[in-house]
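# Coordinates in review
This is what each chain is made of:
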Amino acid sequence: MSTRTKWMILAPFGLILFSFGLTVLSEAAHQRRTGEPTQVWVLLGLYSLVLINAGLIFFGEALRFRILLDVRRETRRSMRQLLRKVNAKTTRKLKPVKKTKSPTKTD
């Protein structure tokens, strides 16, 4: 799978997972306020923390892939520019300009 595809899959998935974790966390807080047993809202809270952290990890990986794409693009661009400069200098060195004497002139 290409780096671009990984980025395009992981970024939205990480954001969705993070958002769902926040929703579960608010549900755990609601259950705590309504007087549900401690075991219920604690388990929901732990589940929400797992979802939030997993979402952040996936989004962080997506960010890493995006940075890798940008670095590769800039590297390729600078390599092309450098190659153009080198080619321009070598073509000038290969074609030296020689002055020829005119056949009609006498010294």
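Residues numbered from 1 in each chain as written. Predicted model: local features only at pLDDT ≥ 70, side-chain atom pairs only at ≥ 80, totals over all residues. Heavy atoms only, no water.

### Remarks on the packing of aromatic side chains
Enumeration over the complete set of coordinates arrives at one aromatic pair. One cation-aromatic arrangement involves Arg32 over Trp41; the distance from NZ or CZ to the ring centre is 5.0 Å. Over the ring of Phe65 we find Arg64, and its NZ or CZ is 5.0 Å from the ring centre. (Phe/Tyr/Trp six-rings, centres within 6.5 Å; stacked < 30°, edge-to-face > 60°. Lys NZ or Arg CZ within 6 Å of the ring centre and 35° of its normal.)

### As for the pattern of salt bridges
Evaluated as defined, the whole model comprises four salt bridges. Glu61 is the partner of Arg64 in a salt bridge, and the nearest nitrogen-oxygen pair spans 2.6 Å. Taken as a pair, Arg64 and Glu61 lie in helix α2 (residues 38-94) at a separation of three residues, close to a single helical turn. A salt bridge links Asp70 to Arg73; the shortest N-O distance between them is 3.2 Å. Of the two residues, Asp70 and Arg73 both sit in helix α2, three residues apart, roughly one turn of that helix. Among the charged side chains, a salt-bridge network with shared partners connects Arg66, Asp70 and Arg73. (Salt bridge = Lys/Arg side-chain N within 4 Å of Asp/Glu carboxyl O. Helix = DSSP H or I, 4+ residues; strand = E, 2+ residues; numbered from the N terminus.)

### As for a nonpolar patch on the surface
Where nonpolar side chains cluster on the molecular surface, the patch consists of Val42, Leu43, Leu46 and Leu49 and spans about 340 Å² of accessible area. For Leu43, the position within the fold is in helix α2. (Patch = residues over 30% accessible without salt bridge, like charges linked within 9 Å, V, L, I, M, F, W, Y side chains within 5 Å. Areas by Shrake-Rupley, 256 points an atom, 1.4 Å probe, with all protein chains shown as cover.)

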